[in-house]
Amino acid sequence: MIRRLALVCVAWAAFAAGLALASGAEPADACIAVEGGAELTVEGLGRAVFAGLSTDRVRDEALLSGGVCVEFSATGGVLRSERLTLSGLGDGVALSAVDVEFRLDEWTIAADVLEADIAGAVLTGVRLTSPDAVALAEGLRVDLVTGTIVAHALRLVTETLWVAADGATLDGDRVELRAVGLTTCDCPPAEASVRLEARTAELDIVDPTVTLHGADLVVGSFRWALSDPWSFDAENLTLPLPPISVSEDPEGRRGTLVGVSEQAVAPGVRFAWDVGIGDGERPPDLSLRIAARAGDASVDVTGASDRLRVAWRVNRPLANGWTVAYAQRLEGGAWDEPVRDQSLTAGWSRAWSTPTAGLAVVEVDASAFTALTAQTLAGGEVVGTRSGGSLRVRIAGEVVAGWRPALEVAGGATGYPADAATQTWWSVAPRATLTAGALRLEVEHLSRWVRGASPFGASLDRLAPLHRSDVRASLALAGGAGDVGAGRLTAVARWDWRADPRRPGRAIGLERLELTGSTGAAAWGGHLSVRAEADLAGAIDPRPGRASSLGATVAWTRADWELGTRVRLDPTAPAWPWREATVFAALPIATGDWWWRPYLAVDVASWAREQAGWWVGHGLDLAWTSDFGVLDLGYRYDDGIGLRLDVGVRFESRPLDLERLEPVTEGRP
Amino acid sequence: MRLILSWATLLVVAAAWAQAGVAELEAIAYGRQRIDLASGRTILEDGGELIERGSGVRLVAAWIAYAEGVEVTARDVSIEGDVGFVDAPLLTIDLVAGRLTASGGVAWRREGLQVAGETLWFDVDAGVVGLLGGVEAVEPDASAAEAWIELESGRVLLLGPYAYADGPLVLRGGEGAALQLDASDTDAGVVYDASTAVDADWLAVVDAARAAWEAASEE
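Residues numbered from 1 in each chain as written. Chains lettered and ligands numbered in written order. Predicted model: local features only at pLDDT ≥ 70, side-chain atom pairs only at ≥ 80, totals over all residues. Heavy atoms only, no water.

As a further point, take the overall build of chain B. A tally of regular secondary structure across chain B gives 2 helices and 18 strands. Buried positions account for 49% of the 219 residues belonging to chain B. A total accessible area of about 9,700 Å² is found for chain B, and carbon and sulfur atoms account for 50% of it. (Helix = DSSP H or I, 4+ residues; strand = E, 2+ residues; numbered from the N terminus. Buried < 20%, exposed > 50% of the residue type's maximum accessible area, 1.4 Å probe, protein only. Areas by Shrake-Rupley, 256 points an atom, 1.4 Å probe, with all protein chains shown as cover.)

This next bit is on the overall build of chain A. Helix and strand counts for chain A stand at 3 helices and 42 strands. Counting all 669 residues of chain A, 39% fall into the buried class. Taking contacts inside chain A between residues at least 6 apart in sequence as the whole, the part at least 24 apart equals 39%. Accessible surface, chain A: about 33,800 Å² in total, of which carbon and sulfur atoms supply 59%. (Contact = heavy atoms within 4.5 Å.)

Residues and elements named next belong to chain A. Among the 10 residues that make up strand β11 (residues 162–171), 8 are buried, leaving the element largely enclosed by the rest of the structure. Across 8 bridges, strand β10 (residues 149–158) lies against β11 in antiparallel orientation. Each residue of the ladder has a partner; that of Leu-156, found in β11, is Val-163. Count of turn residues in the β10/β11 antiparallel hairpin: 3 residues. Across 9 bridges, β11 lies against strand β12 (residues 174–183) in antiparallel orientation. Note that in β12 the partner of Asp-171 across the bridge is Arg-174. The antiparallel hairpin formed by β11 and β12 contains 2 residues in its connecting segment, where Gly-172 sits at a positive phi of about 65°. (Pairing = 2+ DSSP bridges.)

Ranked by size, the top nonpolar core spans 97 residues in total, and within it Leu-128, Leu-154, Leu-177 and Leu-212 of chain A carry the most contacts. Excluding anything up to four places from it in sequence, Leu-128 of chain A contacts Trp-107, Thr-108, Ile-109, Ala-133, Val-134, Ala-135, Ala-137, Leu-140, Leu-154, Leu-170 and Leu-658 of chain A. Formed by 12 residues, the second largest nonpolar core is a distinct cluster that contains Trp-121, Leu-157, Leu-159 and Trp-213 of chain B. (Core = buried A, V, L, I, M, F, W, Y, C linked by side-chain atoms within 4.5 Å.)

Let us look at the state of the cysteines. All names here are of chain A. Counted by the stated rule, this structure contains 2 disulfides over all chains. At a sulfur-sulfur separation of 1.9 Å, the disulfide partner of Cys-31 is Cys-69. Disulfide Cys-31 to Cys-69: torsion about the S-S bond roughly -70°, handedness left-handed. In this pair, Cys-31 sits in the loop between α1 (2–22) and β1 (38–42) while Cys-69 sits in strand β4 (residues 61–72), placing the two residues 38 residues apart along the sequence. Through a disulfide, Cys-185 is tied to Cys-187; the S-S separation comes to 2.3 Å. Torsion about the S-S bond of the Cys-185 and Cys-187 cystine: about 130°, corresponding to right-handed handedness. Residue class for Cys-187 comes out buried when judged on its relative accessible area of 11%. (Disulfide = S-S within 2.5 Å.)

It is worth spelling out the packing of aromatic side chains at this point. With the rule as written, the count across this model stands at 10 aromatic pairs over all chains. Relative to Phe-456 of chain A, the ring of Tyr-416 of chain A has its centre 6.0 Å away and its plane inclined at 50°; by these criteria the two rings are tilted. Highlighted residues: Tyr-416 of chain A in strand β28 (residues 403–416) and Phe-456 of chain A in the loop between β30 (439–451) and β31 (466–477), separated in sequence by 40 residues. Judged on exposure class, the residue Tyr-416 of chain A and its partner Phe-456 of chain A are both buried. Against the face of Tyr-599 of chain A rests Arg-636 of chain A, its NZ or CZ located 3.8 Å from the ring centre. The cationic tip of Arg-75 of chain B hangs over the ring face of Trp-63 of chain B; the distance from NZ or CZ to the ring centre is 4.1 Å. (Phe/Tyr/Trp six-rings, centres within 6.5 Å; stacked < 30°, edge-to-face > 60°. Lys NZ or Arg CZ within 6 Å of the ring centre and 35° of its normal.)

A few words now on a negative patch on the surface. A grouping of Glu-106, Glu-159, Asp-171, Asp-173, Glu-176, Asp-207 and Glu-235 of chain A is seen on the molecular surface, where their side chains present a negatively charged patch. The residue Asp-171 of chain A is located in strand β11 in this model. (Patch = residues over 30% accessible without salt bridge, like charges linked within 9 Å, V, L, I, M, F, W, Y side chains within 5 Å. Salt bridge = Lys/Arg side-chain N within 4 Å of Asp/Glu carboxyl O. Lys, Arg positive; Asp, Glu negative; His and termini not counted. Charge placed at Lys NZ, Arg CZ, Asp CG, Glu CD.)

Summed over the entire model, instances satisfying the criterion amount to 46 salt bridges over all chains. Measuring nitrogen to oxygen at the nearest pair gives 3.4 Å for the salt bridge that ties Glu-363 of chain A to Arg-392 of chain A. You can see Glu-363 of chain A sitting in strand β26 (residues 361–377) and its partner Arg-392 of chain A sitting in strand β27 (residues 380–396), a full 29 residues away along the chain. Assessed through its relative accessible area of 23%, Glu-363 of chain A is described here as partly exposed. Residue Arg-99 of chain B pairs with Asp-123 of chain B through a salt bridge whose shortest N-O separation is 3.7 Å. Linking Arg-99 of chain B in strand β8 (residues 99–103) with Asp-123 of chain B in strand β11 (residues 119–123), this pair joins segments that are 24 residues apart in sequence. Bridged by salt links that share partners, the residues Arg-195, Glu-197, Asp-216 and Arg-223 of chain A form one connected network.

This part is about the side chain of Glu-197 of chain A. Residue and element names in this part refer to chain A. Following the sequence through the fold, Glu-197 ends up in strand β13 (residues 194–204). Using a relative accessible area of 4% as the deciding quantity, one classes Glu-197 as buried. Among the polar contacts listed, one links the side chain of Glu-197 to the side chain of Arg-223, at a separation of 3.2 Å. (Polar contact = N/O pair within 3.5 Å; in protein donor to acceptor, adjacent residues only side chain to side chain.)

In this section: unusual backbone geometry. Cis rather than trans, the peptide bond between Asp-228 of chain A and Pro-229 of chain A has omega equal to 0°. Along the chain, Pro-229 of chain A turns up in the loop between β15 (222–225) and β16 (230–233). The linkage connecting Gly-160 of chain B with the following residue, Pro-161 of chain B, adopts the cis geometry, with an omega of 5°. Of note in the backbone geometry, Asp-76 of chain B takes a positive phi value of approximately 50° without being a glycine. On the secondary structure map, Asp-76 of chain B appears in strand β6 (residues 71–81).

Turning our attention to a nonpolar patch on the surface. All names here are of chain A. Together, Val-265, Phe-271, Trp-273, Leu-288, Ile-290, Val-299, Val-301, Leu-308 and Trp-312 make up a nonpolar patch on the protein surface, roughly 720 Å² of accessible area in all. When residues of the nonpolar patch are traced back to their parent elements, those giving at least two are β20 (269–276), β21 (287–294), β22 (297–304) and β23 (307–317). Using a relative accessible area of 31% as the deciding quantity, one classes Phe-271 as partly exposed.

All names here are of chain B. Taking 1.5 Å per residue, 19 residues should reach 27 Å; helix α2 (residues 200–218) reaches 27 Å between its end C-alpha atoms and fits that length. Along α2, the positions that sit buried rather than exposed are Trp-202, Val-206, Ala-209, Ala-212 and Trp-213. Projected down its long axis, α2 carries its buried residues within an arc of 125°, all on one side. α2 presents Ala-200 and Glu-218 as exposed residues on the side facing more than 90 degrees away from its buried surface. (Expected span 1.5 Å × (residues − 1). Arc of directions from axis to C-beta.)

A word on the environment of Asp-60 of chain A. All names here are of chain A. By the secondary structure assignment, Asp-60 is in the loop between β3 (52–56) and β4. On the basis of relative accessible area, Asp-60 is assigned to the partly exposed category, the value being 25%. Taking C-alpha positions, Asp-60 is 8.4 Å from Leu-86, a pair spaced 26 residues apart along the chain.

Moving on, we come to the confidence of the model for chain A. Residue and element names in this part refer to chain A. The share of residues in chain A with pLDDT of 70 or more is 86%, and the mean pLDDT across the chain is 82. For chain A, per-element mean pLDDT is lowest for α1, which scores 40, and highest for β30, which scores 96. Taken together, the stretch residues 1–28 has pLDDT below 50 and engages in 80 contacts with residues farther than four places along the chain or on a different chain. Residue range residues 664–669 is modelled with pLDDT below 50. Its contacts to residues more than four positions away, or to other chains, number 20 contacts. (pLDDT = per-residue confidence, 0-100.)

This next bit is on the environment of Ser-227 of chain A. Residue and element names in this part refer to chain A. Residue placement: Ser-227 occurs in the loop between β15 and β16. The exposure class assigned to Ser-227 is partly exposed, which follows from its relative accessible area of 45%. Taking C-alpha positions, Ser-227 is 8.9 Å from Leu-212, a pair spaced 15 residues apart along the chain.

Below, the structure is given as structure tokens:
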């Protein structure tokens, strides 16, 4: 009897061992012994509980019945059925059951029939469910040797995708698909007018992301091959459109820039362009910049009606941290201080990390260059060679928890043989960052001493002494119930220690003192946010050209509604103090599959004074709902804030319901 | 399987003792031998041996009292024979009722077998033997609260909590659980079918035997 019982147990052990290879997850459930029932334990593998067990020596079978539950300790998988039959107890143990449920990882696999032997388990009439997907399959096999779970003729839906595949391999949250068709339409891919077809695909049902190999986009009878691999987020699709950027020219020459940021256009080649449209401080002045980078070389061309700049550079990394670069810049026309410059630079950079606490990082940068340069300045053209070098050493670390001091020391010298001039400089910049709970404090000082002067302009290499200290502090406010009162307070201050040329005997002093606070709370069924800003340097130490301002923004949002006001005033202004009193609103309008939300911002202060420029903001958000997702297009422009553009596709979530899946009759459309 | 076969062997021996007349027994006294005229019992106060002539099985005890055709009582008993070795602190054979009781912790060992239980109960007329209380078999590795064997049919009933262990495998039943084992001969030898569904008639037999044992225990 014990021998036969042992065979029964061996059969369990074989089945459990196979399933142990098939997964490595935590127990999905626990088998609870039935009162008066029996429990079979297999050391190192798991246990089975059941209400009844009987063996039939004539049929060479063992039948487990009544709430049969098998718990695999190594895998966490749990198999349940009302009846399980073990056959071939003497040789070639096999297991069979009907109406089984097998839980593995996040998957719950229900099957009409289960047939298993030592090599593998085959389930037919499979219905798979998880928190993130449901699926039907004609058959599923658990390979008890390799541990793979392979599904045949799988039809699967997530909240946003409908997938059909000839074959699939399930590995936890990842599903590898073969001969796959998928669509975001709430319909089988074969019936979708817009779908993706691929040779293989990897689907992460939790993220959820999809990576396709050998994929085509099919729209009606048209077909386009996609890059291989091609990946997308199954919740939000980033359209393959050039990303538009809107920014201010960092050189301050071309005003607002609208263009396309750097994009890969060919292997190893990246391309960017933008158009400068001037700004409020200068007349409209269109300029075009085109930039490309391939390998170690880059070229940058900027042109306008009255000026042209061409710059190119070859940067060649060498071994052991050495780099050599050759650059040429040619500017002509009406640039401020136009430059013609050719330079050859050799640089060396290295960073060390030391294991000693408190001196975690030591960085050293060194460079040397020589250049032939011509620059047009107000006093005429300066022509000559420039040769020099610089050295920078930075030490940083965390002395104690939350306190990170750093010290940067740098120096350099440049010689100008044609003018018998030399410019030397060196700087010291200590810095400390303290983090204590919700408080973060940064203190930084920079002193730069300069001896001699470059005959060239400040836009090229002429340096001025600097002696300034900066303090930045921020405090995160923890909110109460419902995050009421949660927010942040920040303060930024700068003190310039240099002598004030307009106030003999005095330092320039307070250059900057900005206070910012923001908070929010639930209100009137929506969310109310308040932000206040104060620039007090001009009020505390009035000087020509330095303004002060107080401002606040109050906004209330509820679903797609947005209402608010933004005010800004100069308390030191002798007369009308209001710089801005803007009210803004965005209200949604839904019509069928279309959704609109116009945005308008009006400066009431300017309007009341009948000044131009009272229309300070405008925008429009547009959403079109189709069977395949929601297309979002939108822009918003605000004076002083800038332009925002939105282009994207959202895929609407649909309930996970097995009834949406018809019985599998075919795989790939 | 060896455990069940060993139990069956023990039962055959017990049956032989229980059904044998004292006249078939050879008594050897190690010391004083006293006859209680009132009860008619012969008492081997310093211990002795009883040898069943038919099987050659020998009972050795530190104290033996027997009354011809009535009963045998022995203390610190060891039985030795083809069946192996059985040790029990107390042995009582009721020759009138046909019942044998070994109690106080019964141990039985032979080649391939090492089993113990609190009490061994044998009802000759019912043909049922029970091992009651803390049934533990070291070899093979098994345990049960009770084990009942029907001699004629070979049916075995284990009452939970019970456990069978063979290598890394353990089959357990909790309190109230029962496992029936049915033996049958095949070309490959004796095989057993196991079932947690116990035959109703077999369960009735066990219930009756158990009631008889409880009644005898109260006496």
